[in-house]
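Okay, here's what each chain looks like letter by letter:
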Amino acid sequence: MTDKVNSYIQRSERWSAEMSELRPVLLGCGLTEDIKWGKPCYGIDGRNIAIMQEMKGFLALMFFKGALLDDPEGLLESQGPNSHSALRMCFTSPDEVARHSDAV
């Protein structure tokens, strides 16, 4: 866990509990963390895998190449009509993060 991500989560006014629940799940997958584009970003071997994005109504975990992932539970959604490879999971509570941690 990096101090930069600690600081980012502590400064969050809306989604700090959700990020705190999601963070160990991502790190438990063997990903590294850093701040990129001003947000917590997770990767492996220098490649970006996912980024946490604080939206008004939800915390998004955006997978840069989400279109390549298996999604048997149907949790991944498009970011918009012009986004083809990136897909995201949306969370609105720490309990929701916990319920879907295995899918992550």
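Residues numbered from 1 in each chain as written. Predicted model: local features only at pLDDT ≥ 70, side-chain atom pairs only at ≥ 80, totals over all residues. Heavy atoms only, no water.

### Digging into the environment of A86
Mapped onto the secondary structure, A86 falls in the loop between β5 (77–78) and β6 (87–91). Relative accessible area serves as the criterion here: at 11%, A86 is assigned to the buried category. For the pair A86 and F63, spaced 23 residues apart in the sequence, the C-alpha separation amounts to 5.6 Å. In this structure A86 touches M62, F63, F64, G66 and Q79, once residues within four positions along its chain are discounted. (Helix = DSSP H or I, 4+ residues; strand = E, 2+ residues; numbered from the N terminus. Buried < 20%, exposed > 50% of the residue type's maximum accessible area, 1.4 Å probe, protein only. Contact = heavy atoms within 4.5 Å.)

### Describing the pattern of salt bridges
When their charged atoms lie close together, side chains carrying opposite charge are able to pair. Tallying each qualifying case throughout the model produces three salt bridges. As a salt-bridge pair, E33 and R23 come within 2.6 Å of each other at their nearest N and O atoms. Remark: R23 occurs in helix α2 (residues 16–28) and E33 occurs in strand β1 (residues 32–36); sequence separation between them is 10 residues. The partner of R88 in a salt bridge is E77, and the shortest N-O contact between them spans 3.7 Å. One end of the pair, R88, is in strand β6; the other, E77, is in strand β5, with 11 residues separating them in the sequence. (Salt bridge = Lys/Arg side-chain N within 4 Å of Asp/Glu carboxyl O.)

### As for α2
The terminal C-alpha atoms of α2, which comprises 13 residues, lie 19 Å apart, in line with the 18 Å expected from a rise of 1.5 Å per residue. Among the residues of α2, those classed as buried are E18, M19, L22, R23, V25 and L26. Downstream of α2 by one or two residues, G30 has phi in the positive range, about 85°. (Expected span 1.5 Å × (residues − 1).)

### Here's the deal with the packing of helix α1 (residues 3–11) against α2
Where α1 contacts α2, the two axes come as close as 8 Å, and the packing angle between them is 150°. In terms of orientation, α1 lies roughly antiparallel with respect to α2. Helix-helix and strand crossings are classified by hand; for α1 and α2 the assignment is left-handed. Facing V5, N6, Y8 and I9 of α1, the residues of α2 in contact are S16, M19, S20 and R23. (Axes fitted to C-alpha atoms, helices over the stretch in contact; angles between N-to-C directions. Parallel < 35°, antiparallel > 145°, perpendicular 65-115°, else oblique. Left-handed = near helix turned anticlockwise from the far one by under 90°.)

### A short note on the packing of aromatic side chains
All told, the structure shown has one aromatic pair when counted by the stated rule. Aromatic pair W37 and F64: ring centres 6.0 Å apart, planes at 50°, arrangement tilted. In this pair, W37 is assigned in the loop between β1 and β2 (39–44) and F64 in the loop between β4 (59–63) and β5, connecting sequence segments 27 residues apart. For W37, a relative accessible area of 59% corresponds to the exposed category. (Phe/Tyr/Trp six-rings, centres within 6.5 Å; stacked < 30°, edge-to-face > 60°.)

### Thoughts on the state of the cysteines
Here, the word disulfide means a covalent bond between the sulfur atoms of two cysteines. On inspection of all chains with the given rule, the structure shows zero disulfides. Cysteine C29 shares no disulfide, and the gap to the nearest cysteine sulfur, in C41, comes to 14 Å. On the accessibility criterion, C29 (46% relative accessible area) is partly exposed. Since its relative accessible area comes to 2%, C41 is described here as buried. (Disulfide = S-S within 2.5 Å.)

Don't take any of this as a statement about function, it's just geometry.
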